[in-house]
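One letter stands for each residue in the lines below.
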Amino acid sequence: MSGIVLKNLKKVYPGGVEAVKDFDLEILDKEFIVLVGPSGCGKSTVLRMIAGLEEITEGELYIDGNLVNNIAPKDRDLAMVFQNYALYPHMTIYKNLAFALSLRKLSNKEIDTKVRETAKMLEIEHLLDRKPKALSGGQRQRVALGRAMVREPKAFLLDEPLSNLDAKLRASTRTEIAKLHKKLGTTFIYVTHDQTEAMTMADRIVVMKNGEIQQIGKPREIYDSPYNIFVAGFIGTPQMNFIDAVIEKDNEYYALIDNNRFLLSKERFGDILNEYIGKKVVLGVRSEDILKAECSHSLKTRVEVCENMGAEVYVYVDYKGQKITARLNADFTSMDSSLNITFNIDKMHIFDKESGISIRNLTLDFK
């Protein structure tokens, strides 16, 4: 398979509502790609257009190099796994798995072989005689995956498949799906609003907002070099901290927060800092890059809440109305109501105040 290519895809619903705008994406053969974004951003609509369940308003969709805009869903050779499993309640698990193969008029022997091989891979052989209502949510999700697998499709389309599972089961099932992708060696296109799923499973992530792509990249790239404030705030737990500052230069470059100066890395930001001298910017700092200060250049914050997470402590503080979260070592204990903080200068981000774009990315093509 050569891959799936989306060129300038657009979806407009009656009333002029644009759900997807000029969506460009090339999905490589055997790639695990995740579309992530808040509810209503258009990610499921993109998946349904690929599947053929939603009509494409404008643009072109290619599978294996063939234009498929007007090809029926059943002829696209794609398998979709839904959030609600979509199993036939009156059929046994065996018959659920065998149903699509029966429609293809395979022999009983071929069907039995494929069903049992798939059930063994998913470790659901002991469930074949049961009906869906007798299964747990995790078991039903495996059956839903199995029903897609037996068809041996060109690609799997998964629409928030773990959202109905509890937290512990979600964690274990996403690991199983990642292992399954490696075993099958098939393209996976996965939709979720959960950035943890995106970060742990994807070869590449597509971050969406309001029907548009905000950034495409490998998980680490997006975490370390977010294109704009939206991506920086959406990817990462806890959310990145955003603090208003002004850039100034006095031999070195500094971020000025009130009367506190924080050194900036010339190597990290380069000459573009010259364009922002005297201007307001947004400083972005992840919680692990906020440090307990032992120096004079620090922010005196008010401690609101401490959450002991075992290996670390999340400290939620307030600085003049700006909420900041610090991730500190587990040995941190706050007996005081205040905490002085500073920042890891090698990991700070600076965003343009007006556009919200990272100043490191202003001249880069993020795609």
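Structure report, in brief. Just so you know, these numbers come straight off a predicted model, no measurement behind them.

Reading the values: the criteria
Residues numbered from 1 in each chain as written. Predicted model: local features only at pLDDT ≥ 70, side-chain atom pairs only at ≥ 80, totals over all residues. Heavy atoms only, no water. Pairing = 2+ DSSP bridges. Helix = DSSP H or I, 4+ residues; strand = E, 2+ residues; numbered from the N terminus. Axes fitted to C-alpha atoms, helices over the stretch in contact; angles between N-to-C directions. Expected span 1.5 Å × (residues − 1). Buried < 20%, exposed > 50% of the residue type's maximum accessible area, 1.4 Å probe, protein only. Arc of directions from axis to C-beta. Contact = heavy atoms within 4.5 Å. Phe/Tyr/Trp six-rings, centres within 6.5 Å; stacked < 30°, edge-to-face > 60°. Lys NZ or Arg CZ within 6 Å of the ring centre and 35° of its normal. 1 Å grid on protein atoms, 1.4 Å probe; cavity = no way out; pocket = protein on both sides within 12 Å on 5 of 7 lines; lining within 4 Å. Points joined across faces, edges and corners; volume = space filled by probe spheres on them. Nonpolar A, V, L, I, M, F, W, Y, C, P; charged D, E, K, R; others polar.

## Considerations on the sheet that holds strand β13 (residues 260–263)
- The strand order across the open sheet formed by five strands is β13-β12-β11-β14-β20, and the pairing between neighbours is antiparallel. Strands at the two margins of the open sheet, each flanked by one partner only, are β13 and β20 (349–352). Within this sheet the neighbouring strands show an average axis-to-axis angle of 45°, counted without direction.
- Taken together, the four bridges between strand β14 (residues 280–285) and β20 define a ladder with antiparallel strand orientation. Following the sheet pairing, Leu283 is matched in β20 by Ile350.

## Structural notes on helix α3 (residues 108–121)
- Taking 1.5 Å as the rise per residue, α3 with 14 residues should run 20 Å; its terminal C-alpha atoms sit 20 Å apart, in good agreement.
- What α3 keeps buried is the set Ile111, Val115, Thr118 and Ala119. An end-on view of α3 places all buried positions within 100° of arc, on one side of the element. Exposed residues pointing more than 90 degrees away from the buried face of α3 are listed as Lys109, Glu117 and Lys120.
- Buried residues along α3 sit in contact with α2 (93–103) and α4 (137–149).
- Of the residues one or two after α3, Glu123 is the one with positive phi, at around 60°.

## Things to note about the packing of aromatic side chains
- A full pass over the atoms with the stated rule returns seven aromatic pairs.
- Between Phe230 and Phe234 the ring centres are 5.7 Å apart and the planes differ by 20°, which places this aromatic pair in the stacked class. Residue Phe230 and its partner Phe234 are located together in helix α8 (residues 229–234), separated by four residues, close to a single helical turn.
- Assessed through its relative accessible area of 19%, Phe234 is described here as buried.
- Ring centres of Phe262 and Phe343 lie 4.8 Å apart, and the angle between their planes is 45°; on these two criteria the pair is classed as tilted. A residue pair is termed long-range when its members are at least 10 positions apart, and Phe262 in strand β13 and Phe343 in strand β19 (residues 338–343) qualify at 81 residues.
- Relative accessible area serves as the criterion here: at 5%, Phe343 is assigned to the buried category.
- Among the aromatic residues, those joined into a ring-pair cluster are Phe32, Phe156, Phe188 and Tyr190.
- Arg261 extends its terminal NZ or CZ atom over the ring of Tyr254, reaching a point 4.0 Å from the ring centre.
- Looking at Lys279, its charged tip hangs above the ring of Tyr276, at a distance of 5.8 Å from the centre.

## Some thoughts on the sheet that holds strand β1 (residues 4–13)
- Spatial ordering of the open sheet is given by β2-β1-β4-β5, a layout of four strands whose pairing is antiparallel. If you trace the sheet from one side to the other, it starts and ends with β2 (17–27) and β5 (66–67), each paired once.
- Two strands pair when backbone bridges link them, and strand β4 (residues 58–63) and β5 are joined in this way by two bridges, in the antiparallel orientation. The residue of β5 that forms the bridge with Ile63 is Asn66.

## What about the environment of Pro153?
- With respect to the helices, strands and loops of the structure, Pro153 is situated in the loop between α4 and β7 (155–159).
- Note on Pro153: relative accessible area 7%, which makes it buried.
- Expressed as a C-alpha distance, the spacing of Pro153 and Ile341, which sit 188 residues apart in the sequence, is 53 Å.
- Contact partners of Pro153, with chain neighbours within four places excluded, come to Asp77, Leu78, Ala79, Ala148 and Thr186.

## So, the layout of surface pockets
- Considered as a void within the structure, the largest pocket measures approximately 570 Å³ in volume.
- If you trace the largest pocket, you find 21 residues lining it, with Leu78, Ala79, Met80, Phe82 and Arg151 closest to the centre.
- Every element with two or more residues in the lining of the largest pocket is listed here: β6 (78–81), α2 and α4.
- Take the lining of the largest pocket: its biggest share by element is four residues, from β6.
- A breakdown of the residues in the lining of the largest pocket according to their chemical character gives 17 nonpolar, no polar and four charged.
- For the second largest pocket, the calculated volume is near 220 Å³.
- Ranked by residue count, the leading element in the lining of the second largest pocket is α3, at four residues.
- Broken down by class, the residue content of the lining of the second largest pocket amounts to six nonpolar, two polar and three charged.

Purely geometric stuff here, so don't read any function into it on its own.
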